[in-house]
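Chain by chain, the residues run as shown.
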Amino acid sequence: MILVTGGAGFIGGNFVLDWLATSDEPVINLDALTYAGNLETLASLAGDARHVFRRGDICDRALVDELLKTYCPRAIVHFAAESHVDRSIHGPGEFVRTNVEGTFTLLEAARAYWSALEGDEKAAFRFHHVSTDEVYGSLGPDDAPFTETHPYEPNSPYSASKAASDHLVRAWYHTYGMPVVTTNCSNNYGPYHFPEKLIPLMIVNALAGKPLPVYGDGKNVRDWLYVKDHCAAIRVVLQKGRLGETYNIGGWNEKPNIDIVHIVCALLDELRPDAAGSYSRLITYVKDRPGHDRRYAIDARKIERELGWRPAETFETGIRKTVEWYLANPEWVANVQSGSYRDWVAANYGDRDDSRA
Ligand code: NAD
Ligand code: TDX
């Protein structure tokens, strides 16, 4: 049994689906179901006894203690977070609460649980912290990609809160000897991505004939990785990553945002032609994001060399799969956009907790 936090979100949801497709080891999935948590992503697991879902907050120490005591997981894979940079600019408090306080609460609960384990069970336990390349700050055009020893220079409330959580995890290793590993991954894309993020937003807006908002000059660079490659990397690190280490995960796929938007438009032109002409006509330059990091790029040589992980998808194959997935799943998108997936949560969990959305 493994305990996954945030397993109803984009990457956590893909991870749970992938995990149960490749292993019979059960998952206990702890997720608060904020605006970003969507159990429709996990609908294919209905009735599957290997997946136990528990709605709850990672800041709730009593609940985390209860789950650890009841299910005795051999590992915790910690995805739960507030994840959207623009939201962090307008409301940083929730980012500090979930990303910093929540990680602290999990670490303390895990430490108490792990301390009481014995023998092989104690030796096998690990706490895997899922983090981001944004903690390293912004690169200039000629700078080398981020390695694991790059200084931390977070610039947004989101990246600062993730950096703080990374530091807590590191300290719990050095101070208490907790068996932790941290991974710092580049921008993910793929199925079940909430359409507030660049790639899904461009797909759904284009299909609706709405403007495609590009921040600033569109030349900010992100390094893109297909979400299932990230999930595979986490599985490998969980299996054989060295304790106390950090591993960067990325696919060597740097691209300016405007190029991404053109690629999405070209795929839609091919797969769902619009009588009004190319979707690129909808591109609209808008005001820049405050403190917008110019460039991220991941040097993934450590995980490749030490653990033998390599991405299976190129950007070309991954982005085609992604656009095809959104075209094939209009209901998932419509339910997210209309908010009706929240009603499903209310019907199944007895309340409509939008206070933290
Ligand atoms: P997401 O926003 O799609 O999902 C986050 C999930 O966490 C949601 O299901 C939400 O309900 C849950 N959650 C939020 N607050 C919670 C709380 N207090 N208690 C319990 N559950 C809570 O995020 P994502 O894009 O899937 O990111 C997952 C993790 O991966 C995050 O830690 C993020 O920092 C990291 N990451 C994301 C990317 C990316 O490109 N999306 C890249 C690198 C790292
Ligand atoms: O409408 C938009 N227009 C636009 O130009 C949006 C939503 C974004 N952008 C730009 C901003 C970024 O340069 O596109 C780039 C990608 O933006 P996001 O999708 O918001 O992702 P980013 O800010 O790079 O952060 C993402 O990757 C790292 C995730 O949201 C984080 O959780 C992860 O850690």
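Above this note sits the structure.
In this text the structure is predicted, and so the values were computed from the model without any measurement. (Residues numbered from 1 in each chain as written. Chains lettered and ligands numbered in written order. Predicted model: local features only at pLDDT ≥ 70, side-chain atom pairs only at ≥ 80, totals over all residues.)

S.K.: Would you mind showing me how to read the site of ligand 1 here?
M.R.: Looking at ligand 1, there are 31 residues lining it, with Gly 6, Gly 9, Ala 36, Gly 37 and Ala 81 nearest. Of all the secondary structure elements, the ones that give two or more residues to the shell around ligand 1 are helix H1 (10-22), helix H4 (92-116), strand E5 (126-132) and strand E7 (187-189). (Near = placed C-beta within 6 Å. Helix = DSSP H or I, 4+ residues; strand = E, 2+ residues; numbered from the N terminus.)

S.K.: Sorry, what's going on with the sheet that holds E7 here?
M.R.: Backbone-to-backbone hydrogen bonds pair the strands of a sheet. The strands run either parallel or antiparallel. With mixed pairing, the 3 strands of this open sheet are ordered in space as E7-E9-E11. Of all the strands in the sheet, just E7 and strand E11 (254-256) have a single pairing partner and so form its edges. With strand direction ignored, the average angle separating the axes of adjacent strands in the sheet is 50°. Bridge analysis of E7 against strand E9 (residues 221-226) gives 3 bridges, and the strand direction is parallel. Of the residues in E9, the one forming a bridge with Asn 187 is Trp 224. Taken strand by strand, helix H8 (residues 227-240) contacts E7 and E9, and its axis lies near 70° from that of E9. This element, helix H9 (residues 257-271), spans E9 and E11 of the sheet and lies at about 85° to E11. (Pairing = 2+ DSSP bridges. Axes fitted to C-alpha atoms, helices over the stretch in contact; angles between N-to-C directions. Contact = placed C-beta atoms within 7 Å.)

S.K.: Explain the site of ligand 2 to me, please; I cannot follow it from the model alone.
M.R.: Lining the immediate surroundings of ligand 2 are 16 residues, of which Ser 83, Thr 132, Lys 197, Leu 198 and Tyr 215 lie closest. Secondary structure elements with two or more residues in the shell around ligand 2: helix H7 (198-207) and strand E8 (212-215). Top element by residues in the shell around ligand 2 is E8. It accounts for 3 residues. Its residues assigned to classes, the shell around ligand 2 comprises 6 nonpolar, 6 polar and 4 charged. (Nonpolar A, V, L, I, M, F, W, Y, C, P; charged D, E, K, R; others polar.)

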